[in-house]
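Residue strings, one per chain:
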Amino acid sequence: DFRSIDIGKPAGQAVIDRIRETRGYKQEVNLEEPDVIFKVVVSDQKCSVYLDTTGKKSLHRRGYRIWRHPSPLNPIIAYSMIRWSGWNPEKENLLDPFCGGGTIPIEAVLWALNIPPGKFRKMEFAFRKLPFFEESWMEEFESSQKDIDLEVYCTDRSLSCVRGAESNARYAGVLNKIRFSRYDLEWIDIKFKEEKSIDRVVTDPPYGIRWKERDLKKIYRNFFWQMEYLLKDSGRIVLISPKRRFVEEYSM
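This write-up is about the structure you can find in this document. (Residues numbered from 1 in each chain as written. Predicted model: local features only at pLDDT ≥ 70, side-chain atom pairs only at ≥ 80, totals over all residues. Heavy atoms only, no water.)

Quick notes on the overall build of the protein chain
Right, on to step 1. In terms of regular secondary structure, the protein chain is built from 8 helices and 7 strands.
Right, on to step 2. Since a compact globule built from 252 residues should have a radius of gyration of about 18 Å, the 23 Å found for the protein chain marks it as more spread out than a globular shape.
Right, on to step 3. With the C-alpha coordinates of the protein chain rotated into their principal frame, the extents come out at 75 × 45 × 35 Å.
Right, on to step 4. If you take every contact in the protein chain between residues at least 6 apart in sequence, the share linking residues at least 24 apart comes to 75%.
Right, on to step 5. For the protein chain, the accessible surface area stands at approximately 16000 Å², while carbon and sulfur atoms represent 49% of it. (Helix = DSSP H or I, 4+ residues; strand = E, 2+ residues; numbered from the N terminus. Rg over C-alpha atoms; globule rule 2.2 N^0.38 Å. Contact = heavy atoms within 4.5 Å. Areas by Shrake-Rupley, 256 points an atom, 1.4 Å probe, with all protein chains shown as cover.)

Some thoughts on the nonpolar core
Right, on to step 1. Core analysis: the biggest nonpolar cluster contains 30 residues, and Ile106, Val174 and Ile178 have the highest contact counts within it.
Right, on to step 2. When residues of this core are traced back to their parent elements, those giving at least two are helix 2 (75–85), helix 3 (103–112), strand 4 (152–156), helix 5 (159–172) and strand 5 (178–182).
Right, on to step 3. At 6 residues, helix 3 tops the list of elements feeding residues into this core.
Right, on to step 4. Leave out the neighbours within four places in its chain, and isoleucine 106 touches Tyr64, Gly101, Ala165, Asn168, Ala169, Ala172, Val174 and Ile178.
Right, on to step 5. Core analysis: the next-biggest nonpolar cluster, separate from the first, contains 20 residues, Trp211, Tyr220, Leu231 and Val247 among them. (Core = buried A, V, L, I, M, F, W, Y, C linked by side-chain atoms within 4.5 Å. Buried < 20%, exposed > 50% of the residue type's maximum accessible area, 1.4 Å probe, protein only.)

Details of helix 1 (residues 4–23)
Right, on to step 1. Taking 1.5 Å per residue as the helical rise, helix 1 with its 20 residues ought to reach 28 Å, and the 28 Å between its terminal C-alpha atoms agrees with that figure.
Right, on to step 2. Glycine 24, located one to two residues past helix 1, shows a positive phi value of around 85°. (Expected span 1.5 Å × (residues − 1).)

Right, dumping it as structure tokens:
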């Protein structure tokens, strides 16, 4: 029986009153370009108050994508897929055969090397405006970064996608950690040569109105046929796709 504005007004007033009590002045409010943002969430009988450390721009805006794929994958989803795959970067390899703009391989390497993905954001984080913030945080991140050998493969049938993925990886500083190549899916087994040589496959197969159904069927059929040859018995595939029936039909 109440709206967000009914919560926001008294919550904001409570912050202003508290500052007046403890600091002795009335805090200026700027709804367009605030330095400090409070989030108030009411769920059932619980009210939670948060201090926004991110700011207006969502965390999925990483900042390293200088080349944009027509259907880019949300980097947060890409990161989640990598973690869900159970990939061990120090012992296992990883393949994305539909790499597009290279989001999955780049996110994989950033995580493996302990590089904060927000490092490349041009927009400011909200926490940098907080009075207790110290600039030494980036130095701490850089000192904790790793330098390990990785086997991360990024392939696509489109040369422009491979070149674009290379540009994004170069801007992210991980170009030398990813092995890029242009390969049609039908011939990808020739690249790796050895049967059962891939540990993890994390990918975002094509879909959408610009693809004819018969072409998508062929792609999914070839994908699972190739993965049956390349994937180790202990390996795992993590993919995201709205074409559930194609996945179920050709993965069996």
